[in-house]
Amino acid sequence: MARVRFTGAEPVTVPELGRTVQPDEMVEVPDNRFEGYVCQPAAWESVEEPRDWVWPTEESDKPDQAEPPAEAAPKTAPKKTSTAAKAATSKEA
């Protein structure tokens, strides 16, 4: 079980705990629900994380935005020369 502290100003009823939690009260929550509490920093703060918990880092929160290597870039069709382009758009042909 993990522990969190309620930091809100008014008592709150927490259905999954089956009771009302008072301001500045520390409660035990199931390990698999820990993240659901600490993702609300205006109301809850971590006191004791689950044993296997690893705090996410800023880098792991962001999707990989590295650009692909140059050789993996999509190839474009060669451009028509100006003479060929004029012939293809000419109404005289």
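Look a little higher up for the structure.
All figures in this text were calculated on a predicted structure; none of them were measured in a lab.

Let us look at the sheet that holds strand β4 (residues 26-29). What the three strands build is an open sheet, ordered β4-β1-β5; its pairing is antiparallel. Looking along the sheet, the strands with just one partner apiece sit at the ends: β4 and β5 (44-48). Sheet twist, expressed as the mean angle between neighbouring strand axes with direction ignored, is 35°. Sheet analysis places strand β1 (residues 2-6) next to β4, joined by four bridges and oriented antiparallel. Counted as the bridge partner of R5 is M26 from β4.

To continue, consider the packing of aromatic side chains. Tallied over the entire structure, the rule returns two aromatic pairs. An angle of 55° between the planes, with centres 5.0 Å apart, marks the rings of F6 and W44 as tilted. Within this pair, whereas F6 is found in strand β1, its partner W44 is found in strand β5, the two being separated by 38 residues in sequence. Since its relative accessible area comes to 6%, W44 is described here as buried.

Rules used throughout
Residues numbered from 1 in each chain as written. Predicted model: local features only at pLDDT ≥ 70, side-chain atom pairs only at ≥ 80, totals over all residues. Heavy atoms only, no water. Pairing = 2+ DSSP bridges. Helix = DSSP H or I, 4+ residues; strand = E, 2+ residues; numbered from the N terminus. Axes fitted to C-alpha atoms, helices over the stretch in contact; angles between N-to-C directions. Phe/Tyr/Trp six-rings, centres within 6.5 Å; stacked < 30°, edge-to-face > 60°. Buried < 20%, exposed > 50% of the residue type's maximum accessible area, 1.4 Å probe, protein only.

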